[in-house]
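# Coordinate inspection notes
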Amino acid sequence: QQPVQSPQAVILREGEDAVINCSSSKALYSVHWYRQKHGEAPVFLMILLKGGEQKGHEKISASFNEKKQQSSLYLTASQLSYSGTYFCGTGDPDDYKLSFGAGTTVTVRA
Amino acid sequence: EADIYQTPRYLVIGTGKKITLECSQTMGHDKMYWYQQDPGMELHLIHYSYGVNSTEKGDLSSESTVSRIRTEHFPLTLESARPSHTSQYLCASRWGGVNTEAFFGQGTRLTVV
């Protein structure tokens, strides 16, 4: 089952904040966040694990609510370089699947 | 830097042809994945493997097949290409369980005419 992301798209001015949400109908063990720029491969941002451990990017933060089966990615004081499509992925420990949501396209304007 | 390679980067091929998209990684990762992505759209998992001689179908039904004879190699084959197969195909790999990051190749953009 693929995770569900919202919103589909967001337009920001430099310096503004945004939140991207990711939810799943299944119990979450880990949530991955990746960013893909146009014409490039997705690049790892961070992983959030059950129990609160977090690994990844220094300047982008995220939260993981195991009870609600949700994760949120926070883009704070956005920069032009934050533009791209953000994907959340959920890992299944039983069969090692890694499935992604539909993505959220972020456009940061000067 | 990720050491995962996909060839070719671009391929234009006629309907009915058999094609194989190559994916290789030099990181010794045991898990490998194929995703299909239309431009600007979501990543659809079509196949994955958790080790040599193991392959599984993903979330999106696909007419393609995969094999995993060697750890580092995970090719995807279309026996008879059709225009509906036109898309970008991304390969990824990672090591271990659900708490490890995936590394993506640059993708193969396939056009079937």
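Residues numbered from 1 in each chain as written. Chains lettered and ligands numbered in written order. Predicted model: local features only at pLDDT ≥ 70, side-chain atom pairs only at ≥ 80, totals over all residues. Heavy atoms only, no water.

### Digging into the overall build of chain B
Our working rule: Helix and strand assignments follow DSSP, with helices taken as H or I runs no shorter than four residues and strands as E runs no shorter than two, numbered in order from the N terminus. Based on C-alpha atoms, the radius of gyration is set beside the globule rule, defined as 2.2 Å times the residue count to the power 0.38. Three labels apply to residues, based on accessible area from a 1.4 Å probe with only protein chains included: buried if under 20% of the type maximum, exposed if over 50%, partly exposed otherwise in between. Residues are treated as being in contact if the distance between any of their heavy atoms lies within 4.5 Å. In this description, accessible areas are obtained by the Shrake-Rupley approach with a 1.4 Å probe, and a residue is regarded as covered only by the protein chains that are shown. Note on charges: Lys and Arg go in the positive column, Asp and Glu in the negative column, and His and the chain ends are not counted at all. In plain terms, the charge of a residue is placed at NZ if it is Lys, CZ if Arg, CG if Asp and CD if Glu.
On a plain count of helices and strands, chain B comes out with 0 helices and 11 strands. When the helices and strands of chain B are listed from N to C terminus, the series reads β-β-β-β-β-β-β-β-β-β-β. Over its C-alpha trace chain B gives a radius of gyration of 13 Å, about what one expects of a compact globule, namely 13 Å for 113 residues. For the C-alpha atoms alone, the extent of chain B along its principal axes is close to 40 × 30 × 25 Å. Evaluated residue by residue, chain B yields a buried proportion of 49% over its 113 residues. Partitioning the contacts of chain B with sequence separation of at least 6, the portion at a separation of at least 24 is 53%. With an accessible surface of roughly 5,200 Å², chain B has 52% of that area assigned to carbon and sulfur atoms. Across chain B, the mean location of the 10 positive side-chain charges is 6 Å away from that of the 12 negative side-chain charges.

### Thoughts on the interface of chain B and chain A
Counted only if it meets this: Accessible area that two parts lose when put together, evaluated with a 1.4 Å probe and summed over both, is termed the buried area. Salt bridges are identified by distance alone: a Lys or Arg side-chain nitrogen within 4 Å of an Asp or Glu carboxyl oxygen. Put simply, Ala, Val, Leu, Ile, Met, Phe, Trp, Tyr, Cys and Pro go in the nonpolar bin, Asp, Glu, Lys and Arg in the charged bin, and everything else, Gly too, in the polar bin.
Facing the 25 residues of chain B at the interface are 25 residues of chain A. For the pairing of chain B and chain A, the buried interface totals around 2,100 Å² over both sides, and the portion due to carbon and sulfur atoms is 57%. Run the count over chain B and chain A and you get 1 salt bridge. Salt-bridge contacts for B:Asp59 lead to A:Lys97; the nearest nitrogen and oxygen are separated by 2.6 Å. Of all the secondary structure elements, the ones that give two or more residues to the side of chain B that touches chain A are strand S4 (31–37), strand S5 (44–51) and strand S9 (87–94) of chain B. Residues of the side of chain B that touches chain A, tallied by class, amount to 11 nonpolar, 9 polar and 5 charged.

### Things to note about the packing of aromatic side chains
The condition is simple: Ring geometry is summarised as follows: Phe, Tyr and Trp rings, the Trp one being its six-membered ring, pair when their centres sit within 6.5 Å, and such pairs are stacked at plane angles under 30 degrees, edge-to-face over 60 and tilted between the two. Counting as a charge over the ring demands two things of the Lys NZ or Arg CZ atom: a distance within 6 Å of the ring centre and an angle within 35 degrees of the ring normal.
What the rule picks out here adds up to 10 aromatic pairs over all chains. A ring pair is formed by B:Tyr33 and B:Tyr35, whose centres lie 6.2 Å apart and whose planes are at 25°; its orientation type is stacked. Consider the rings of B:Tyr33 and B:Tyr48, whose centres lie 6.2 Å apart with planes at 15°: the pair is stacked. Note that B:Tyr33 is positioned in strand S4 and B:Tyr48 in strand S5, a separation of 15 residues in sequence. With respect to burial, B:Tyr33 and B:Tyr48 carry one shared label: buried. Feature note: the residues A:Tyr34, A:Phe44, A:Phe87, A:Phe100, B:Tyr33, B:Tyr35, B:Tyr48 and B:Phe104 constitute an aromatic cluster, connected by ring pairs. Its end group placed over the ring of A:Tyr96, B:Lys31 keeps NZ or CZ at 4.2 Å from the ring centre. Sitting over the face of the ring of B:Phe74, B:Arg68 holds its NZ or CZ atom 5.9 Å from the ring centroid.

### Description of the nonpolar core
Worth spelling out the cut-off: By nonpolar core is meant a set of buried Ala, Val, Leu, Ile, Met, Phe, Trp, Tyr and Cys residues that side-chain atoms within 4.5 Å join together.
By size, the foremost hydrophobic cluster in this structure holds 21 residues, and its most contacted members are A:Ile20, A:Trp33, A:Leu73, A:Leu75, A:Tyr86 and A:Val106. Of all the elements in the fold, those that place two or more residues in this core are strand S2 (9–13), strand S3 (18–23), strand S4 (30–36), strand S5 (43–49), strand S7 (61–65), strand S8 (70–75), strand S9 (84–91) and strand S11 (104–109) of chain A.

### A look at the sheet that holds strand S8 (residues 76–78) of chain B
Residue and element names in this part refer to chain B. Threshold: When DSSP finds at least two bridges between two strands, those strands are taken to pair.
A sheet is described by the order of its strands in space; here 4 strands give the open sequence S1-S3-S8-S7, paired in antiparallel fashion. The open sheet terminates on both sides in strands that have one partner only, identified here as strand S1 (4–7) and strand S7 (65–66). As paired strands, strand S3 (residues 19–25) and S8 are joined by 3 bridges and run antiparallel to one another. Paired with threonine 20 across the two strands is threonine 77, which belongs to S8.

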